[in-house]
Amino acid sequence: MDMKIYKKTIELFSHGGRPSYFNITSEVKAAIEASGIEDGLCFVISLHTTCSVFFEEYIHDYTEEGDEYLQADLNDVLEKIVPTHKTSEQYRYPGPRHFEEVFSWPEEKIRSFLPHMQKSECYNADGHLRSTLIGNSVTLDVEKGKLGVGLTGYIYFVDFDCTHERKRHCKIIVFGKCRNEAKCEKCI
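The structure presented is a predicted model; accordingly, all values stated were derived computationally and were not measured.

1. Here we look at the nonpolar core
- Judged by nonpolar contacts, the single largest core of 23 residues is most densely connected at Ile24, Val28, Val44 and Ile155.
- Ranked by residue count, the leading element in this core is strand β8 (residues 166-178), at four residues.
- Ignoring sequence-local partners within four residues, the contact set of Val44 consists of Ile24, Val28, Val53, Asn136, Ser137, Val138, Leu140, Ile155, Cys170, Lys171 and Ile172.

This is how it looks when you write it as C-alpha cells:
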C-alpha cells in the first residue's frame, strides 16, 4: 500500500511583550481529518527560530494574562535558565555582523523583522535559546484516522520572541496510509 502525505500551514499572530502561546490541537485534529490518512504519523513544525511546538497536558486554570498555569510555570523556569534579553551586553547575540547584515536589507524587509528600525528589536537571544531548549516540532501518532494521544494531551505553539507582535506559521504534515487510497485527491 502506498504512503500518502498531506500538508497544511496555519497562521498565528503573536502579541509581543511576553511569550505568545497557542493551543493548536483543534487545527492538528482538523488536518488529520482532512488528510484522509487512517494510520501514520503527524508532524507539527514551527517555521521560525524563536518558536517552539510542544505536547503538554491541557490545564483549566489561567493567569490574569491568559496563560495556562503550566505555561506560566514554563515561563518562570525558562526565565531562571535563560533570562529575558534586555541589554546589548547581556548576550553575545546579536553581534556586529548580524546588525550589519540586517541593516543592509531593503527597508521593507528590515521592517518585517524590526518594525521600528531599532537595534533593540534584535534583543531576542532569549527567544532563540528558549526555542532551542524546547524544540521546534513534535511527532504524534495517527490511529484510525484520529490523533493518537490521551484525553488531556494537547499541542501548543509558542513564540518566545517578545520584541513585537508578528505573524507566525506552523506546518502540519500527516504521513501514512489513506482510508480510501484509490479515490484520495487530498494527498499530494
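What follows picks up the thread again.
2. Re the layout of surface pockets
- Taken as a whole, the largest pocket encloses approximately 250 Å³ of empty space.
- If you trace the largest pocket, you find 18 residues lining it, with Tyr93, Phe113, Asn124, His128 and Arg166 closest to the centre.
- Broken down by secondary-structure element, the contributors of at least two residues to the lining of the largest pocket are α3 (96-102) and β8.
- Class assignment of the residues belonging to the lining of the largest pocket gives a composition of six nonpolar, eight polar and four charged.

3. Examining helix α2 (residues 69-81)
- The first and last C-alpha atoms of α2 sit 19 Å apart over 13 residues, in line with the 18 Å expected at 1.5 Å per residue.
- Of the residues making up α2, those classed as buried are Gln71, Ala72, Leu74, Asn75 and Leu78. All buried residues of α2 lie within an arc of 155° about the axis, which places them on one face of the element.
- Its buried side turned inward, α2 meets β2 (20-23), β4 (51-57), α5 (125-134) and β7 (153-159).

4. What about the pattern of salt bridges?
- Within the structure shown, the criterion is met by seven salt bridges.
- Arg18 serves as the salt-bridge partner of Asp67, at 2.9 Å between the closest nitrogen and oxygen. Remark: Arg18 occurs in the loop between β1 (4-14) and β2 and Asp67 occurs in the loop between β4 and α2; sequence separation between them is 49 residues.
- Relative accessible area serves as the criterion here: at 7%, Asp67 is assigned to the buried category.
- In this structure, the salt-bridge partner of Asp161 is Arg166, at a minimum N-O distance of 3.0 Å. Like Asp161, the residue Arg166 is buried in the burial classification.

5. Considering the packing of aromatic side chains
- Considering all chains together, one arrives at five aromatic pairs under this definition.
- On the numbers, 4.8 Å between centres and 35° between planes, the contact of Tyr58 with Tyr154 is tilted. A residue pair is termed long-range when its members are at least 10 positions apart, and Tyr58 in the loop between β4 and α2 and Tyr154 in strand β7 qualify at 96 residues.
- Note on Tyr154: relative accessible area 23%, which makes it partly exposed.
- Through successive ring pairs, a cluster of aromatic residues spans Tyr21, Phe54 and Tyr156.
- The residue whose ring lies beneath Lys109 is Trp105, and the NZ or CZ to ring-centre distance is 4.6 Å.
- When the ring centre of Phe99 is taken as origin, the NZ or CZ atom of Lys119, which lies over that ring, is 4.8 Å away.

6. Things to note about the state of the cysteines
- The tally for this structure, following the rule as stated, stands at zero disulfides.
- Not engaged in a disulfide, the cysteine Cys42 finds its nearest cysteine sulfur in Cys170; these two sulfurs lie 9.2 Å apart.
- On the basis of relative accessibility, which here comes to 0%, the residue Cys42 falls in the buried class.

7. Describing the pairing of β8
- Pairing analysis gives 11 bridges linking β1 to β8, with the strands arranged antiparallel. Bridging from a neighbouring strand, Ser14 pairs with Arg166 of β8.
- Two strands pair when backbone bridges link them, and strand β3 (residues 37-46) and β8 are joined in this way by nine bridges, in the antiparallel orientation. Residue Ile45 lies in a different strand from β8, and its bridge partner there is Lys171.

What counts, and at which threshold
Residues numbered from 1 in each chain as written. Predicted model: local features only at pLDDT ≥ 70, side-chain atom pairs only at ≥ 80, totals over all residues. Heavy atoms only, no water. Core = buried A, V, L, I, M, F, W, Y, C linked by side-chain atoms within 4.5 Å. Buried < 20%, exposed > 50% of the residue type's maximum accessible area, 1.4 Å probe, protein only. Helix = DSSP H or I, 4+ residues; strand = E, 2+ residues; numbered from the N terminus. Contact = heavy atoms within 4.5 Å. 1 Å grid on protein atoms, 1.4 Å probe; cavity = no way out; pocket = protein on both sides within 12 Å on 5 of 7 lines; lining within 4 Å. Points joined across faces, edges and corners; volume = space filled by probe spheres on them. Nonpolar A, V, L, I, M, F, W, Y, C, P; charged D, E, K, R; others polar. Expected span 1.5 Å × (residues − 1). Arc of directions from axis to C-beta. Salt bridge = Lys/Arg side-chain N within 4 Å of Asp/Glu carboxyl O. Phe/Tyr/Trp six-rings, centres within 6.5 Å; stacked < 30°, edge-to-face > 60°. Lys NZ or Arg CZ within 6 Å of the ring centre and 35° of its normal. Disulfide = S-S within 2.5 Å. Pairing = 2+ DSSP bridges.

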